[in-house]
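# Residue-level structural notes
Residues per chain are reported as follows:
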Amino acid sequence: MKQETTTIAAEDIARQQGFCQDLKNRFLVGNTTPTACVDTFGCQQNVADGQKLMGMLQEMGFTLTSDTKTADVVILNTCAIRDHAEQRVFGNLGALKHNLKQNPNQIICLCGCMAQQERVSQRIKETYRHVSLVFGPHALWKFPELLYNVYQSKKRVFSVAPEDGTIAEGLPIVREGNIRAWVSIMYGCNNFCSYCIVPYVRGRERSRAKEDVLEEVRGLIADGFKEITLLGQNVNSYGNDLEGDYDFADLLADIDKIEGKYYIRFMSSHPKDATYKLFDVMAGSEHIARQLHLPFQSGNNRVLEVMNRRYTREKYLDLIHYAKAKMPDLVVTSDVIIGFPGETAEEVEDTISLVAEEGFDALFTFIYSPRPGTKAAEFPDPVSREEKQVWFDKLLNVQNKNSGIRHQAYVGQTIEVLVDGESDDEEFPLTGRTEGNRLVRLKGDKNLIGDFAMVEVTGCNTFALNGVATPN
Ligand code: SAH
Ligand code: SF4
Ligand code: F3S
């Protein structure tokens with residue numbers, strides 16, 4: 001049976017706009033230049049959420065700033081994926097407390113995935129009493145009302161009740177620049193990989209209606225955006241909760257019909273739900289970048305099973321071999337966890353051999369971090385951090401060699417690059433991305449920024465290609 005997804009009613013969103021106006025007229029009226037800072041941690045979904053928070057703040061009359069010291073409102077939009085991410089935020093909260101001596105009226109808010117964990121919200125309640133507002137991802141759409149309540153009541157406000165989650169359409173968004181844009185096509189996750197906190201803090205999987213996604217993408221292309229990345233924790237299960245059998249590949253095919261010169265990217269894909277149909281659509285499309293981020297996490301079948309990933313090494317290899325056969329120029333990247341509880345040195349070798357054999361263009365490697373509340377956090381974990389670091393470094397060495405070889409293969413070629421900004425390198429003053437999302441530093445005229453250029457690749461290192469824009 002399909003799950004019921006609740007969409008927030010348009011009048012409830014309109015009510016929030018009312019709170020924006022009230023804040024502006026009642027509380028911020030005397031302050032001619034109220035400023036707000038949104039500091040976002042974590043993945044692109046959180047970045048997309050941060051852009052909505054900025055949109056709401058602008059409606060309230062705030063000018064956005066990156067200066068946490070002077071801002072009237074500071075929002076830490078947090079990530080809970082690894083312990084390190086949380087420690088950074090607690091560090092920032094300490095610094096903000098210190099700063100309150102200079103800026104005593106500052107309102108400090110904590111939101112995002114950390115806030116949705118009871119363990120964290122309790123700690124904030126008890127020990128970080130200078131934080132005025134705490135809300136989880138589920139309450140993002142009613143941020144105006146929550147901030148209004150903080151100003152009105154002069155009391156601390158917490159909105160962190162667990163829920164399955166909703167879909168809120170029509171929130172304002174402040175995008176960064178007008179070259180690349182993020183579009184969430186779904187929220188939440190149902191997969192419960194045993195190490196992962198996301199399903200506990202982001203709720204159940206829910207897909208936006210296809211018309212809403214298509215309308216947003218059409219609007220972005222009409223506004224001149226050149227690269228649009230569709231976001232979801234597992235975009236391959238898009239549509240599972242909607243009526244009918246319209247799936248992610250169908251959505252991509254429909255987006256591809258929109259005319260213009262642009263790239264479509266998407267992330268993340270879960271191998272258990274990736275289909276040949278998806279790769280067929282990619283291969284036959286005009287706009288879908290020949291790039292695939294397909295995290296495999298481990299190359300060992302026992303570890304994959306205890307991770308609850310629900311695919312095997314063989315299934316994973318079959319998928320990427322199929323995709324590469326359909327698209328020989330496909331750029332494949334992946335995520336890997338090293339040091340999962342109970343993982344042995346031999347099992348790590350299976351991960352290393354997969355990386356050595358498949359030659360990923362880039363790999364995001366993480367040492368396992370126990371997340372309280374997840375299954376894996378209860379598993380015995382006898383291997384020391386030092387030993388895990390040795391395994392990690394070994395994997396990284398293999399990958400760095402791979403990246404070097406892959407980058408070297410571009411040298412001498414002329415390739416299409418989306419030029420997106422300026423670099424601080426004098427010799428190669430512009431930056432861009434290839435269709436495969438490789439970073440390029442290039443020589444060329446500034447007015448290329450925001451457009452596609454043909455670039456002759458003249459050199460490289462492990463993280464970037466260097467090149468020269470060629471006259472067309
Ligand atoms: N939904 C995405 C990934 C989201 S998190 C997917 O399934 O592909 C991004 C990456 O962080 C994961 O792919 C995983 O490699 C890593 N990660 C997640 N939980 C972790 C943990 N507890 N410790 C270390 N790495 C973790
Ligand atoms: Fe986490 Fe797995 Fe969901 Fe990705 S698919 S967000 S790793 S539970
Ligand atoms: Fe972090 Fe939440 Fe994203 S935990 S990785 S910000 S979904």
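Scope of this entry: the structure provided in the associated data block. (Residues numbered from 1 in each chain as written. Chains lettered and ligands numbered in written order. Predicted model: local features only at pLDDT ≥ 70, side-chain atom pairs only at ≥ 80, totals over all residues. Heavy atoms only, no water.)

Summarising the element assignment, Asn300 is placed in the loop between strand S14 (291-293) and helix H10 (301-306). On the basis of relative accessible area, Asn300 is assigned to the buried category, the value being 10%. A polar side-chain atom of Asn300 sits 3.0 Å from the main-chain amide nitrogen of Val303. The residues contacting Asn300, other than those within four sequence positions of it, are Glu347 and Asp350. (Helix = DSSP H or I, 4+ residues; strand = E, 2+ residues; numbered from the N terminus. Buried < 20%, exposed > 50% of the residue type's maximum accessible area, 1.4 Å probe, protein only. Polar contact = N/O pair within 3.5 Å; in protein donor to acceptor, adjacent residues only side chain to side chain. Contact = heavy atoms within 4.5 Å.)

Quick look at the site of ligand 2 now. Surrounding ligand 2, one finds Cys189, Asn191, Phe192, Cys193, Tyr195, Cys196, Val198, Pro199, Gln233, His270 and Arg309. Of the residues in the shell around ligand 2, the class split is 7 nonpolar, 3 polar and 1 charged. (Near = heavy atom within 4 Å. Nonpolar A, V, L, I, M, F, W, Y, C, P; charged D, E, K, R; others polar.)

With that settled, consider helix H4 (residues 118-127). Within the span of H4, buried status applies to Val120, Ser121 and Ile124. Buried residues of H4, viewed axially, fall in a sector of 95°; they line one side. Every exposed residue of H4 that faces more than 90 degrees away from the buried side is listed here: Glu118, Glu126 and Thr127. Structurally, H4 contributes buried residues whose contacts are with helix H3 (83-99), strand S5 (107-112), strand S6 (131-135) and strand S7 (157-159). (Arc of directions from axis to C-beta.)

Taken as a whole and judged by the stated rule, the model has 26 salt bridges. A salt bridge links Glu227 to Arg180, with the nearest nitrogen and oxygen atoms 3.0 Å apart. Pair noted here: Glu227 is in strand S12 (residues 227-231) and Arg180 is in strand S9 (residues 180-184), with a separation of 47 residues, a long-range link. According to the relative accessible area criterion, Glu227 is buried, its value standing at 4%. We classify Arg180 as partly exposed; its relative accessible area is 23%. Measuring nitrogen to oxygen at the nearest pair gives 3.3 Å for the salt bridge that ties Glu358 to Lys324. On the criterion of sequence distance, the pair formed by Glu358 in helix H12 (residues 345-358) and Lys324 in helix H11 (residues 313-326) is long-range, its members being 34 residues apart. Of the residues examined, Glu358 reaches a relative accessible area of 10% and is grouped as buried. By sharing partners, the salt bridges in this structure join Asp83, Glu86, Arg119 and Arg371 into a single network. (Salt bridge = Lys/Arg side-chain N within 4 Å of Asp/Glu carboxyl O.)

Looking at where Leu448 falls in the secondary structure, it is placed in the loop between strand S19 (439-443) and strand S20 (452-460). Taking the relative accessible area as the measure of exposure, Leu448 reaches 21% and is therefore partly exposed. Ignoring any residue separated from it by four or fewer positions in sequence, one finds Leu448 in contact with Val419, Leu430, Ala453 and Ala469.

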